[in-house]
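# A closer look at the structure
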2 protein chains.
Amino acid sequence: MTKWVYSFSAESTEGNREMKPLLGGKGANLAEMCAIGLPVPPGFTVTTEACLDYEKNGQVINDEISAQVREALEQVEKITGKSFGDDENPLLFSVRSGARASMPGMMDTVLNLGMNDSSVQGLAKLTGNPRFAWDSYRRFIQMYANVVMGFNVSMLESTLEDLKEARGVKEDTELTAEDWQELIEVYKKIILEETGKTFPTSPMDQLWQAVAAVFGSWNNPRAIKYREINGIPHEWGTAVNVQSMVFGNMGEDSGTGVCFTRDPSTGEKVFFGEYLMNAQGEDVVAGIRTPAPINEYSKNESNKNLKTLEEVQPASYHALVEIYQTLEAHYKDMQDIEFTIENAKLFILQTRNGKRTAAAAVTIAADLVTEGILSKEEAILRVNPEDLNQLLHPRLDPVATKVLLASGLPASPGAASGAICFSSEAASIHAENGVKVILVRQETSPEDIAGMVASQGILTARGGMTSHAAVVARGMGKPCVAGCSELTISYSEKTVKIGGETFKEGDPLTIDGGTGEIMKGIVPTISAKISDEFASFMRWADEFRTLGVRTNADNPEDTEVALSFGAEGIGLCRTEHMFFAPERILAVREMIFSQSVEEREAALLKLLPFQKGDFEGIFKSMKGKPVNIRLLDPPLHEFLPHQEEEKVELAEYLNISVKEVELRAEKLHEFNPMLGHRGCRLAITYPEIYKMQVRAIAEAAVKVQNEGIEVKPEIMIPLVGLGAELRVLRSEVEGVLKDVWKEQGKEIRTKIGTMIELPRAAITAAEIAKYADFFSFGTNDLTQTTFGLSRDDSGKFLPDYQKREILKQDPFVALDQEGVGFLVSHAVREGRKTNSNMHMGICGEHGGEPSSIDFCHRAGLDYVSCSPFRVPIARLAAAQAALRNR
Amino acid sequence: MTKWVYSFSAESTEGNREMKPLLGGKGANLAEMCAIGLPVPPGFTVTTEACLDYEKNGQVINDEISAQVREALEQVEKITGKSFGDDENPLLFSVRSGARASMPGMMDTVLNLGMNDSSVQGLAKLTGNPRFAWDSYRRFIQMYANVVMGFNVSMLESTLEDLKEARGVKEDTELTAEDWQELIEVYKKIILEETGKTFPTSPMDQLWQAVAAVFGSWNNPRAIKYREINGIPHEWGTAVNVQSMVFGNMGEDSGTGVCFTRDPSTGEKVFFGEYLMNAQGEDVVAGIRTPAPINEYSKNESNKNLKTLEEVQPASYHALVEIYQTLEAHYKDMQDIEFTIENAKLFILQTRNGKRTAAAAVTIAADLVTEGILSKEEAILRVNPEDLNQLLHPRLDPVATKVLLASGLPASPGAASGAICFSSEAASIHAENGVKVILVRQETSPEDIAGMVASQGILTARGGMTSHAAVVARGMGKPCVAGCSELTISYSEKTVKIGGETFKEGDPLTIDGGTGEIMKGIVPTISAKISDEFASFMRWADEFRTLGVRTNADNPEDTEVALSFGAEGIGLCRTEHMFFAPERILAVREMIFSQSVEEREAALLKLLPFQKGDFEGIFKSMKGKPVNIRLLDPPLHEFLPHQEEEKVELAEYLNISVKEVELRAEKLHEFNPMLGHRGCRLAITYPEIYKMQVRAIAEAAVKVQNEGIEVKPEIMIPLVGLGAELRVLRSEVEGVLKDVWKEQGKEIRTKIGTMIELPRAAITAAEIAKYADFFSFGTNDLTQTTFGLSRDDSGKFLPDYQKREILKQDPFVALDQEGVGFLVSHAVREGRKTNSNMHMGICGEHGGEPSSIDFCHRAGLDYVSCSPFRVPIARLAAAQAALRNR
């Protein structure tokens, strides 16, 4: 027989904290607290499996479950000496949901269950406190109507307000027993009128319906939405915790509160919390009465004149202090504790690991190590790497009012506000005039770089998590919301329609690149603070990780940021971004339009000094750390002029007609540029391009080395699919290097390798490895080709995939370990068969994503490379991967 | 020590016919003929390895080789009793190249080597025939100057013409010994003047330089080009055959000739050949004298008045007959034999398997079986499947004059001529007026189908071997030249520029889809004949093959063609082509532009009867053979209107503005449509589309079955990359089927499966197989994604890949077994792990390509599917695969 129900009490406890999947987080912790002797009101937990059974069973609680619930209930009656449904000494219950993962505010709770017109009288007599009894009954009716009967309680609440006004009082506590009794009659009448149902009087009926309601609430839309956003599987289900009531509202020596064992905002090691006397749990968070501070430390502007619990009831306070210390030592983490004091006796209703800011998470973990509670390893595993984002980017003021317009992909974290602009030019002009701007585009392309630099944030209608906008914005550390299909942009009219509203150039918008939200107007932001502990915490992480962490950067500014965050080299320096500067683009276009090798070489000769300068700057800023430079990758038509003026300018420059410019541009058009004439394919047809780039690298390396700065260049040939491609191109690269070393009288050790970014490259890695000193996995493109999925186009339908649960995670965010990962592992294995020492890394966007970094560690890579702002995340994730896979 | 030189003679022979890689085809066969006792002049072969060594060694013949050559030479002197370089009884040699694969006309030959001013006298004295001696010397000088000294011999030839004119004679044979002697002095003078070098007099020097020249000729541009075209590796090298001379020009009882053991045009079993008395080998093919027929059968219009060899020298003729029978029995194939008669004694200089037409190949193979020379298995392996193309398509008249303009990809075989048209409309109008047209487009799209149907052939500027134009043309059996980058098309001016010339609409052009050539004007074509033996030969093939052969067809016309060629079912019925008919396209566009599920369903309801009709027609024509129907695959924007009138028509039909039409169309734009919102992704977002198609299939199946015709539908879901996609869509398909079976009161067994066309699908085949009754490998898309290579764009650079030997074969033509094949094999293995009975086939273009079919056989597929005109090729290739891999 399945065990569907687990009892907990000081006397006998069937569960423990390891049983979260079955008992939910709350149930497992209640059991655990009982087991370590804390004062927890007795009760029982109905398992998550019962929830799934309930759904499978056509929303009926099966007989086995019923029988076990009845048995557990009798046991609670025995322990408490009270009786469920008894008029004289009634046992009352709280009924709460409790899922495996914390889902705050998503599930529902009923308190004081078991009350009716008779037992309220018994409770009043028993406690000698009729006001308490009627107040409890009123609360029960209100909650039950709401949660179990699905009744909108605003009507009940306004009746209460009316009554308070009639009585001329402000606080609920000022109402008398009679007032509550009168109100209850009105409540019942309203419920009957509105729902056509009498309020149930049988406690057992109340219990079954409440349990069913909690089960059912697992699938309420709010809960489903929350799970979708947070990646919680729908098949987990929720447990139900049925716990005997203790009453914080039994009079002035009763109360209830919430406390944290450390400050959840800063992480400081101080006991922190709020409480209310003569109140039930909901009152503390409801905001009707201002909660009081439990101690001096917890005082703030709004509560500084209220008495602390330490002052009001020192015995309870000191008991609480003792308990929190026990709990923190037991759970080895900061705890978020709910307590109730009934007639000066303290009960613990719940404990869980407390939510905290990233800064607090780092501080707490560091302190717990200092205190000897945690090992460094445990501390490192405690902090969620993604949370470090908070430390590095400004965010919306949580108390500010927001008018949400639409949501897109959270492409680059941080919040930003500004006047919207629809072109790179407009953004630049406004920015020069000191206006903060948000660049709004269908999508961005390398031509928009200047506009992106000038903007506070970027918003696009198309493109996914690794679209141009997303990748570049993350590189710049700028907020970006991408692929918001609800935008209808008209460039000609300079408007964007979002939802029903139209915004024109200059109108203010706010974006949150961490959530993907787009808001009307300017929403205030706050900048995040970096705690002192952060640096030392990161150093601990570095002690354990075996993966190197490099950065993707292509200019000295970005490399400086990355170095300050701890980058150990450049894993990907894209050379194409360098081609767009105004003083270069004409020569680039001249090169593209060349009709002969000689013309092409002449145009490339003009670019050589620029490229050489670029590489000098990067080599200097990296001071001897390895710099992996990818030779030109994108299709040439990305560099073509689109604006009429640009075409005219180019035509004049080349001394050809505008029509000829258009004709030659048309010849470069491709149906699927992603799969077209790009990467090393350009070098097979136009060897001169790579030759110029290699010469620029080599000459820059010699120059910088001659200035006394060590240089470690790595030359990466992109989009190789055939061993022969790399064989041929490697020999051309070596030829140019040899020439330069001879000319300069100096040789710089230079590695030559390739990106593995095509399935065929991964499959034939053993062959390709013959000609490569290193592999760098370009998992953006590898994901595109393995899935046959364009990252720029997938925004239109991937949301449907996630909604229908066909895809759990965007494969451009978290590496698809089953598919793409198979190819990466295969290539690592095959490549090392040929060259057992081969250095291997990853330079796709996945290089900064924790689950992907864990995969990279397991696959045996040597390093990951990510955008500058993700370097700390990668360092921490790499340390966690090393610890997790020891 | 390496053996660099192999001797052959009646006395002792070191090689045999298995040694072609080392001795070349000619050398191996000379050795073999010696071994079986045929009268072959003695000599020796310098190996292909020596050729490679020569190149590696900086074009120097190493000492080991020199020594072995001298030794072999002495042996020939011993056998012949003559001496190389002797003035009295000189030994003369022919020096010929001989590569592993036959490279006719590509390599060079020197005859009579060893002659100089002294030995010519000796030869004259010895033979008593000064005219012969001086003629031989003259020939030697001419050939040596050409081949070894690289001298352009036209000057020598015109001197000979001048002399003949001066002497008033027409034939070389009419010149006297003195004439030749005089001419030789002039030759020597010209050579000295023009090259600054004296003609070498030392026979040994002549030999070394001739051998070196043959080795060097392996890398002459003609030879390189030939190897590129024919896929012969450059690293094979060529052997050199040094053979003692026999003389066909020693007088009127000497002669030379070429013969075939069967007719190479028809395959008829008749001895066939030509000869010339008093001539050396070159004279027969040089076209200066008309060769005579060797027997009655060989007579034709131009030679019917000349005497046959049988008449002139019956003894030699009968010896030749005996030898040809020996050779054919020995080689078990039709032979192409070169012979020389010296003073009425017959010598065989060369034998090889004769080239033949496809019709002859089939007839010969069939006859050899009947004659008991070959087994059926051997006969089947003899015929090159690709050659069957000749039997099925018209070709250019080989004797017609051609003005070649440019070359593109040979995308669909056959030759066609017509007036050029630049639009589908123009092609249709001209065709209706009875004009034969060639459709010329940048590329074709499904909108051009009508124009393609109306045309004799298709010519495109873009796209590869599996571009839309190529695939559809092959399906239609129409000639197509694709991806000719030398075309510059102006649609607005209705002109195409090819090379320097401009052609306007209506100008005649000819294309050869078998070679990719584009020719000016109308070049006459001849239709190929299908021999009676063809059908029975194909039946033998069917006895051995284990692979099924299906066809890719989507209309009853194509299925009829395929059935007549022996197709056993439809492996791929594309449903999108059906959407373009004028009466449907509006409803298709209405469906695409729908803003709600209801609108979409309403539009689809209009399409349902059309689709149902399509499937009825196909089911009926296939008469119980399996029909695999792929649900809608291409991105929706392929169906959008492009012409202004179409947009207006659609706007009126939908009652929206033209601007709105453009706006909605713009929303569907994709950067990389190949990797975009297509295939099953459409059905995830718009489930209604597949539901309509499945309903049409099911209703059509019931209707046709009710008419007493068996139906075997298979429903294929394209572009699956995730098991969950197929799980969800399979259940939707099953839902619709269940509804229809219930409505119709009849259930038709229907398989549901998927295309494996994405790397991720292949990798995770075990998971996908859970939801699939069959796999069909879509190797076109699988090649695109595995290589990251768009077939529509690759035409721009793949030629460079082939030129630089980076890619041996276009992977869209021959399956890339190393890369794409790895994924196919992996998927077969993994899929069968889940479902050991799973039926698997291939439906990419590779399904009709012999080397790919061999791979499919080895990979364990159940069938291949190809375009109708390739069905016979596939049947033969499948039989060969079965035999080869027994």
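Preceding this section is the structure that the text describes.
Conventions and cut-offs
- Within each chain, residues carry numbers counting from 1 in the order of the written sequence.
- Here chains are named by letter from A upward and ligands by number from 1 upward, in the order in which they appear as written.
- Note on the predicted model: pLDDT of at least 70 is required for a residue's local features to be given, and 80 or more for side-chain atom pairs to be given and counted; whole-chain, interface and lining totals, by contrast, use all residues.
- Hydrogen atoms and water are omitted, and side-chain values are computed over all heavy atoms in the structure.
- Working definition: helices are DSSP H or I runs of at least four residues, strands are E runs of at least two. Numbering for both runs from the N terminus.
- Think of it in three bands: with a 1.4 Å probe and only protein chains considered, a residue is buried below 20% of the maximum accessible area for its type, exposed above 50%, and partly exposed in between.
- Here, residues are in contact when the closest pair of their heavy atoms is within 4.5 Å.
- Where accessible areas are quoted, they stem from the Shrake-Rupley method and a 1.4 Å probe; at the residue level, only the protein chains shown are allowed to cover.
- Residues counted as positive are Lys and Arg, residues counted as negative are Asp and Glu, and His and the chain ends are not counted.
- Throughout, a charge is located at the NZ atom of Lys, the CZ atom of Arg, the CG atom of Asp or the CD atom of Glu.
- By convention in these notes, a salt bridge is any Lys or Arg side-chain nitrogen within 4 Å of a carboxyl oxygen on Asp or Glu.
- Residues reaching a pLDDT of at least 70 in both copies supply the C-alpha atoms on which the copies are superposed by least squares.
- Accessible area that two parts lose when put together, evaluated with a 1.4 Å probe and summed over both, is termed the buried area.
- Throughout, an axis means a line fitted to C-alpha atoms (over the contacting stretch in the case of helices), and angles, computed between N-to-C directions, take values from 0 to 180 degrees.
- We call two directions roughly parallel when the angle between them is under 35 degrees, roughly antiparallel when it is over 145, roughly perpendicular when it lies between 65 and 115, and oblique otherwise.
- Each residue gets one of three labels, nonpolar for Ala, Val, Leu, Ile, Met, Phe, Trp, Tyr, Cys and Pro, charged for Asp, Glu, Lys and Arg, and polar for the others, Gly among them.

## Things to note about the overall build of chain A
A tally of helices and strands in chain A yields 34 helices and 31 strands. With the principal axes as the frame, chain A shows a C-alpha extent of 105 × 60 × 55 Å. Across the 886 residues that make up chain A, the buried fraction comes to 62%. Across chain A, every contact between residues at least 6 apart in sequence was considered, and the portion connecting residues at least 24 apart equals 68%. Surface summary for chain A: the accessible area is close to 33600 Å², and the carbon and sulfur share equals 49%. Side-chain charges in chain A split into 93 positive and 125 negative, and the spacing between the mean points of these groups amounts to 4 Å.

## So, the pattern of salt bridges
Summed over the entire model, instances satisfying the criterion amount to 117 salt bridges over all chains. Between Arg262(A) and Glu328(A) there is a salt bridge, with the nearest N and O atoms lying 2.7 Å from each other. With Arg262(A) in the loop between strand S6 (255-260) and strand S7 (272-277) and Glu328(A) in helix H12 (residues 314-331), this residue pair connects regions lying 66 residues apart in the sequence. Glu328(A) carries the same exposure label as Arg262(A), and that label is buried. Here Glu688(B) makes a salt bridge to Arg600(B), at a shortest N to O gap of 2.8 Å. In this pair, Glu688(B) is assigned in helix H26 (residues 687-706) and Arg600(B) in helix H22 (residues 597-622), connecting sequence segments 88 residues apart.

## Remarks on the relation of the copies chain B and chain A
Superposition of chain B onto chain A requires a rotation of 179° combined with a translation of 0.1 Å along the rotation axis, giving an RMSD of 0.4 Å. Accordingly, the operation relating the two chain copies is best matched by a two-fold axis. Using C-alpha coordinates, one finds that chain B approaches the rotation axis most closely at Asn672(B), a distance of 2.0 Å. A symmetric contact is evident, with 100% of the interface residues of chain B recurring at the interface of chain A.

## Comments concerning the interface of chain B and chain A
Tallying the contact residues gives 56 residues for chain B and 56 residues for chain A. Between chain B and chain A, the buried area comes to about 5200 Å², and carbon and sulfur atoms account for 58% of it. Looking at the side of chain B facing chain A, the largest losses of area belong to Phe671(B), Leu675(B) and Arg760(B), adding up to 14% of the total buried there. Between the two partners, chain B and chain A, sit 10 salt bridges. Arg804(B) is the salt-bridge partner of Glu732(A), the closest N and O atoms lying 2.5 Å from each other.

## Here we look at the packing of helix H2 (residues 48-56) of chain A against helix H8 (residues 203-217) of chain A
Residue and element names in this part refer to chain A. Relative to each other, H2 and H8 sit at 85°, their axes nearing to 10 Å. Comparing their axes, H8 and H2 come out roughly perpendicular. Contacts between H2 and H8 involve Ala50, Cys51, Tyr54 and Glu55 on the former and, on the latter, Ala212, Phe215 and Gly216. Among the residues making up the contact of H2 with H8, the classes are represented as 5 nonpolar, 1 polar and 1 charged.

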